[in-house]
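Overview (structure and organization)
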Amino acid sequence: MSDAKLSAEERLDIQELFARYCWGLNTGNIDQVLSCFTEDGALVHPPQGRCQGEEAIRTLLDELWYGRPSWFIGRQHLATQFLFEKTAEGVQVKAYWTITQKDVDSGRTYIYALGHWDNLCVIEGRAWRFRILDVTIWGKETVPWVGEDRAVFHPTIGRSQ
């Protein structure tokens, strides 16, 4: 990759890759999800870890989609705040994700989880694909924060002022 800034078209094409992935993931379309990855692509997802190649990704999705009936149906992964950085390997793309959930049994709608992706995108076969899709689910130890510790909740003294 050159040092030049990504074009608007390249950025939109990569955002569309994220959209195709999310649509496939949220509708149970295995072929669409797999088409978003390079042949040697990896999906890194807690707690399963690194799932590399089509069969490993297929196994992970089978567990997510069918491991708990009614658990995945009604989800939307929403991708926002894209940051693009060209590297020697391709384009590193960070983005926040929010999962909204429509509980199809109760009709209740809520935010299920928050997190971010740190993905490596490359051009393969004239299309952008994920070489690595790395999922971080936010929890006490994984919420990104580079500010001072005084912003962090301390259970012995309550929230800092």
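Please refer to the structure higher up on the page.
All of the points below concern the structure found in this document. (Residues numbered from 1 in each chain as written. Predicted model: local features only at pLDDT ≥ 70, side-chain atom pairs only at ≥ 80, totals over all residues. Heavy atoms only, no water.)

Quick look at the pattern of salt bridges
- Inspection of the entire model under this criterion finds six salt bridges.
- Salt-bridge contacts for Glu54 lead to Arg58; the nearest nitrogen and oxygen are separated by 3.0 Å. In this pair, Glu54 and Arg58 are both assigned in helix α3 (residues 54-66), four residues apart and thus about one turn of the helix distant.
- By relative accessible area, Arg58 is classed as partly exposed at 29%.
- For the salt bridge of Arg129 with Glu124, the shortest nitrogen-to-oxygen distance reads 3.9 Å.
- Here Glu124 falls in the partly exposed class, since its relative accessible area comes to 29%.
- One salt-bridge network, held together by shared partners, links Glu54, Glu55 and Arg58. (Salt bridge = Lys/Arg side-chain N within 4 Å of Asp/Glu carboxyl O. Helix = DSSP H or I, 4+ residues; strand = E, 2+ residues; numbered from the N terminus. Buried < 20%, exposed > 50% of the residue type's maximum accessible area, 1.4 Å probe, protein only.)

A word on the packing of aromatic side chains
- Taken as a whole and assessed by the stated rule, the structure comprises 13 aromatic pairs.
- For the ring pair Phe18 and Phe82, a centre distance of 5.1 Å and an interplane angle of 85° mean the geometry is edge-to-face. Taken together, the positions of Phe18 in helix α1 (residues 8-27) and Phe82 in strand β3 (residues 75-86) put the pair 64 residues apart, joining distant regions of the chain.
- With relative accessibility at 17%, the residue Phe82 sits in the buried group.
- When the centroid spacing of 6.2 Å and the interplanar angle of 85° are considered together, the rings of Trp65 and Tyr66 count as edge-to-face.
- Taking the relative accessible area as the measure of exposure, Tyr66 reaches 54% and is therefore exposed.
- One aromatic cluster is present, formed by Phe18, Tyr21, Phe37, Phe82, Phe84, Trp97, Trp117 and Phe130 through successive ring pairs.
- The ring of Trp71 has Arg75 lying over it, and the distance from NZ or CZ to the ring centre is 4.2 Å. (Phe/Tyr/Trp six-rings, centres within 6.5 Å; stacked < 30°, edge-to-face > 60°. Lys NZ or Arg CZ within 6 Å of the ring centre and 35° of its normal.)

Here we look at the pairing of β3
- Bridging between β3 and strand β4 (residues 91-102) involves ten bridges; their strand directions are antiparallel. Bridge pairing links Leu83 to Lys94 in β4.
- Where β3 folds back on β4, the antiparallel hairpin that results is connected by four residues. (Pairing = 2+ DSSP bridges.)

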